[in-house]
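Reading the structure
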Amino acid sequence: MANSYVNILDYKAEKQKSLRENEYLNLPDLQFFLWCQKNYRINKGVFNTIDNWFYTNGVVSIIHRRIYILAFLEFVKREDVDFKKRKYIRFGNGGLSKKLHQFMNEIMEQ
């Protein structure tokens, strides 16, 4: 599953100039959340937890954090066989933290 989502390091290296012009990454906070909610079916609490987790784990730059958020959400979406059937992505008790750690471990293995 390592190559099933955006490779963050390649994305950042290849898209440095276009990051400043990317319409989704540069949206105001609320609009970025609403875009993520629409495309990845997450609620505000899950979004805030993901954002905070990346921040406290060293991804301080908002642009870089948003790249990680989008890559993580794509990773979760592709692993969830029932994604299209649900109103929101579900993680279960402790599942979000586990999934974030799994995501980061796969990134580190690349």
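Keep in mind that this is a model prediction, so the values were computed, not measured. (Residues numbered from 1 in each chain as written. Predicted model: local features only at pLDDT ≥ 70, side-chain atom pairs only at ≥ 80, totals over all residues. Heavy atoms only, no water.)

**Quick word on the side chain of R66**
With respect to the secondary-structure elements, R66 resides in helix α5 (residues 62–79). When its relative accessible area of 4% is taken as the criterion, R66 is described as buried. At 2.7 Å, the side chain of R66 forms a polar contact with the backbone oxygen of L27. (Helix = DSSP H or I, 4+ residues; strand = E, 2+ residues; numbered from the N terminus. Buried < 20%, exposed > 50% of the residue type's maximum accessible area, 1.4 Å probe, protein only. Polar contact = N/O pair within 3.5 Å; in protein donor to acceptor, adjacent residues only side chain to side chain.)

**As for the nonpolar core**
In this structure, I50, F54, F72, L73 and F103 are the most contacted members of the largest nonpolar core, which totals 28 residues. Sort the elements by how many residues they give to this core and α5 lands first, with nine residues. Leaving out residues up to four positions away in the same chain, L73 has contacts with C36, Y40, I42 and I50. (Core = buried A, V, L, I, M, F, W, Y, C linked by side-chain atoms within 4.5 Å. Contact = heavy atoms within 4.5 Å.)

**Some thoughts on helix α6 (residues 95–109)**
End to end, α6 covers 21 Å across 15 residues, agreeing with the expected 21 Å (1.5 Å per residue, within 8%). Taken as a whole, α6 has its buried residues at G95, L96, L100, F103, M104, E106 and I107. Seen along its axis, α6 keeps its buried residues to an arc of 165°; they face one direction. Looking at α6, the residues exposed on the side facing more than 90 degrees away from the buried face are K98, M108 and E109. (Expected span 1.5 Å × (residues − 1). Arc of directions from axis to C-beta.)

**Overview of the pattern of salt bridges**
Applying the stated rule across the entire model yields three salt bridges. A salt bridge links D29 to R66; the nearest nitrogen and oxygen atoms lie 2.6 Å apart. Highlighted residues: D29 in helix α3 (residues 29–40) and R66 in helix α5, separated in sequence by 37 residues. In this structure, the salt-bridge partner of R78 is E74, at a minimum N-O distance of 2.8 Å. Taken together, the residues span about one helical turn, with R78 and E74 both in helix α5 at a distance of four residues. (Salt bridge = Lys/Arg side-chain N within 4 Å of Asp/Glu carboxyl O.)

**Concerning the packing of α3 against α5**
For any two helices packed against each other, the geometry is given by the interaxial angle and the distance between the axes. Remark: α3 packs on α5, axes separated minimally by 11 Å, with the N-to-C direction vectors making an angle of 15°. Relative to α5, the element α3 lies roughly parallel. Considering the relative orientation of α3 and α5, their crossing is right-handed. In contact with D29, F32, W35, C36, N39 and Y40 of α3, α5 contributes R66, L70, L73, E74 and K77. A per-class count over the contact of α3 with α5 returns six nonpolar, one polar and four charged. (Axes fitted to C-alpha atoms, helices over the stretch in contact; angles between N-to-C directions. Parallel < 35°, antiparallel > 145°, perpendicular 65-115°, else oblique. Left-handed = near helix turned anticlockwise from the far one by under 90°. Nonpolar A, V, L, I, M, F, W, Y, C, P; charged D, E, K, R; others polar.)

**What about the packing of helix α4 (residues 44–56) against α6?**
Here α4 crosses α6 at 45°, and the two axes come no closer than 11 Å. Classified by the interaxial angle, the pair formed by α4 and α6 is oblique. Where α4 crosses over α6, the handedness of that crossing is right-handed. Residues V46, T49, I50, W53 and F54 of α4 form the contact with α6, whose own contacting residues are L96, L100, H101, F103 and M104. Each residue belonging to the contact of α4 with α6 can be placed in one class, and the counts come to eight nonpolar, two polar and no charged.

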